[in-house]
Protein chains: 2
Amino acid sequence: MPEKKQIILTEVALRDGSHAIAHQYTTKQVTAIAKGLNEAGVPYIEVSHGDGLAGSSLQYGLSHTNEMELIEAAVSVCTTSNVAVLLLPGVGTVSELKQAAQLGARMARIATHVTEADISAQHITSAKEIGMEVVGFLMMAHSAPTAKLVEQAKLMESYGADVVYVVDSAGALLPHEVKDKITALRQHLSIDIGFHGHNNLSLAMANTLAAIDAGATRIDGSIRCLGAGAGNTQTEVLLAVLDRLGIYTGVDLYKMMDLAEDVIAPILTVPQEITRDNLVLGYAGVYSSFLLHAQRAAQKFGVDARDILLEIGRRKAVGGQEDMIVDVAAELAQGKETSHANR
Amino acid sequence: MPEKKQIILTEVALRDGSHAIAHQYTTKQVTAIAKGLNEAGVPYIEVSHGDGLAGSSLQYGLSHTNEMELIEAAVSVCTTSNVAVLLLPGVGTVSELKQAAQLGARMARIATHVTEADISAQHITSAKEIGMEVVGFLMMAHSAPTAKLVEQAKLMESYGADVVYVVDSAGALLPHEVKDKITALRQHLSIDIGFHGHNNLSLAMANTLAAIDAGATRIDGSIRCLGAGAGNTQTEVLLAVLDRLGIYTGVDLYKMMDLAEDVIAPILTVPQEITRDNLVLGYAGVYSSFLLHAQRAAQKFGVDARDILLEIGRRKAVGGQEDMIVDVAAELAQGKETSHANR
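In what follows, the accompanying structure is described. From a predicted model like this one, the values you see are computed outputs, not experimental measurements. (Residues numbered from 1 in each chain as written. Chains lettered and ligands numbered in written order. Predicted model: local features only at pLDDT ≥ 70, side-chain atom pairs only at ≥ 80, totals over all residues. Heavy atoms only, no water.)

### Let's talk about the relation of the copies chain A and chain B
What counts, and what does not: Here the copies were fitted onto each other by least squares, based on C-alpha atoms from residues at pLDDT of at least 70 in both. Contacts are assigned to residue pairs that have any heavy atoms within 4.5 Å of one another.
Superposing chain A onto chain B takes a rotation of 180° combined with a translation of 0.0 Å along the rotation axis, leaving an RMSD of 0.0 Å. Put plainly, the chains are arranged around a two-fold axis. Rotation axis and chain A: the residue whose C-alpha lies nearest the axis is Ala206 of chain A, separated from it by 2.5 Å. A shared binding surface is used by both copies, with 100% of the interface residues of chain A retained as interface residues in chain B.

### Points about the pairing of strand β8 (residues 218–221) of chain B
The side chains of a regular strand alternate between both faces of the sheet. All names here are of chain B. Our working definition: Each residue's exposure class comes from its accessible area (1.4 Å probe, protein chains only) as a fraction of the maximum for that residue type: buried when under 20%, exposed when over 50%, partly exposed otherwise. Only runs of H or I of at least four residues qualify as helices and only runs of E of at least two qualify as strands under DSSP, and these elements are numbered from the N terminus. Think of it this way: DSSP has to see at least two bridges between two strands before they count as a pair. We call a crossover right-handed when, viewed with the strands running away from us, the connection from the first strand over the helix to the second turns clockwise.
Across the two faces of β8 the burial is the same, with Arg218 and Asp220 and Ile219 and Gly221 all buried. With 4 bridges connecting them, strand β1 (residues 8–11) and β8 associate as parallel partners. Opposite Ile8, over in β8, you have Arg218 as the bridge partner. One ladder, built from 2 bridges, connects strand β7 (residues 192–196) with β8; its direction is parallel. Bridged to Phe195 within β8 is Ile219. Viewed along the sheet, the connection from β7 through helix α8 (residues 204–213) into β8 turns out right-handed.

### Observations concerning the pattern of salt bridges
Defined as follows: A pairing counts as a salt bridge when a side-chain nitrogen of Lys or Arg comes within 4 Å of a carboxyl oxygen of Asp or Glu.
Using the criterion set out here, one finds 38 salt bridges over all chains in the structure. Taking the shortest distance from any N to any O, the salt bridge between Lys128 of chain A and Asp162 of chain A comes out at 3.0 Å. Taken together, the positions of Lys128 of chain A in helix α5 (residues 121–129) and Asp162 of chain A in the loop between α6 (146–159) and β6 (163–167) put the pair 34 residues apart, joining distant regions of the chain. Given a relative accessible area of 34%, Lys128 of chain A falls into the partly exposed group. The shortest N-O distance in the salt bridge between Arg276 of chain A and Asp258 of chain B comes to 2.6 Å. Separated into two different chains, Arg276 of chain A in helix α11 (residues 276–284) and Asp258 of chain B in helix α10 (residues 253–264) make up a pair that spans both. Owing to a relative accessible area of 24%, Asp258 of chain B belongs among the partly exposed residues under this scheme.

This is the structure in structure tokens:
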């Protein structure tokens, strides 16, 4: 009889879910949620500002509570679960990473844009030196060809990462693309491969199953779908599906269902549905930070914001390139006039 | 160059979505929604009580508006879309079907439990006689082995159905099961095959793609996910995904996005999220009518309602067998005591 397939889960509601509640987690909430996740047997619990350590800022959104207090609160109730932290080089520094490790965080997830793995070298090395397990987190994975993704993942492996994740930040990947990317990583790397999905195209679960099928063994979920955009792969639903598929997680399904309903749902201020805005971001494959700028430019130039975002997606803009929006809007307005004149 | 793959869409928000708003559609709402769907180019728009023609009752929920008025309202604004109606033999009769046809409904969807296709013979024949296009709608398709499903679908084909649908009423099917069922139907039938999904396991989109991949050409969706349980495959999201996959529907994505956001979302009284109850129903694969009974029995016998529902699912109970719940609860209570004593 073949050994039962097994995946290792990371719960991201206390990090990615922070976006969904405008970074307003209280120590009391984090303590209750981490306690519940620990009791259910979740192996890793990520706790950080939505944009990682030191993300609290006017630009990314101010946290209600200092994240170090939240990390400390989570660690204090975890008897078997490990607390993980996210760090985006450029937003957070090695200094915050060390502070989190001193408070008891055991895993560092170092996140870069899928084409910028080279900026993670120092952070991965430092995290390993202080004894943390290290995940390389390649964001906006849809925006690079698979060969580029493999090249960047190999960089993270060479810096010492224990795991590399394919991160579908915009919820833009299709299942066959996920399968292709995970398969390639499995072929070219010797470390574990993970997948982090978003639900903007209602494909978070499909993509997660495609990733597992292709050999990913580390999977992210957010309980009650609490994450940026349309949320992540909904953890308690994933547990039910994996149980039906005979895949082992070691996490208690009923306890997670109850935590979702009794503790998480009441915290939600906005339901985790697929709205027009979330759908457009997934369809275009762009950062959510572009949305408001595109809507403003659309109004100014008399074009559809969706057309701007689709063009921005085609040009594979990265965070910080919001200037591109006005150019695109102007070009579209020009093209629109021409096309009207030709009719 | 191969011809572009094409699927034909049926929008079910004005029928299945009726469950989500307790059958409170007004003529004004239905007119506005049908008008929007027609303008977006949706080929079929289903309009009926959630439980089909004549479903308005104390047992199934009373409609706000007589469904014949709603059908008439939808027909009055459809210039290219066809209005479809659902009929469950035993709930509705041929008389209501004729009335709907006289009002301009063009398609009859005759729905039975997956093992009870024989009760659809008269209704399918009659619908064909009055010139309607006819769909055989096999509900709770997860609860029968594929061979049984094929046998039942062949019955519907023999009665004259133009299309047979695999209907995942409880949102309980997994993608490989959908693929298996659709593939078998394609092998053994010569009519078109359709798929109707629910999102209780967050797999509506995955299952829909699996169905299309296996050869289904008729697909149901509900705009803004407005359907029973956790809702159906979300139509406007499906359109975005199919566009990315190069599959043609002829439906305008932007118009559907706008209709979802501006017209449908404000009607929703409860968000279409995957709650604990919806998840349990999908995981156990049981009718939602069992839920309340199971919760009551659980309290009485001191057992977990989820364990009752799972056992009910294993026994493949069908609507009307709610009595079974008390027996199962009593057995579980007995078993529980034994297992406690043995610890």
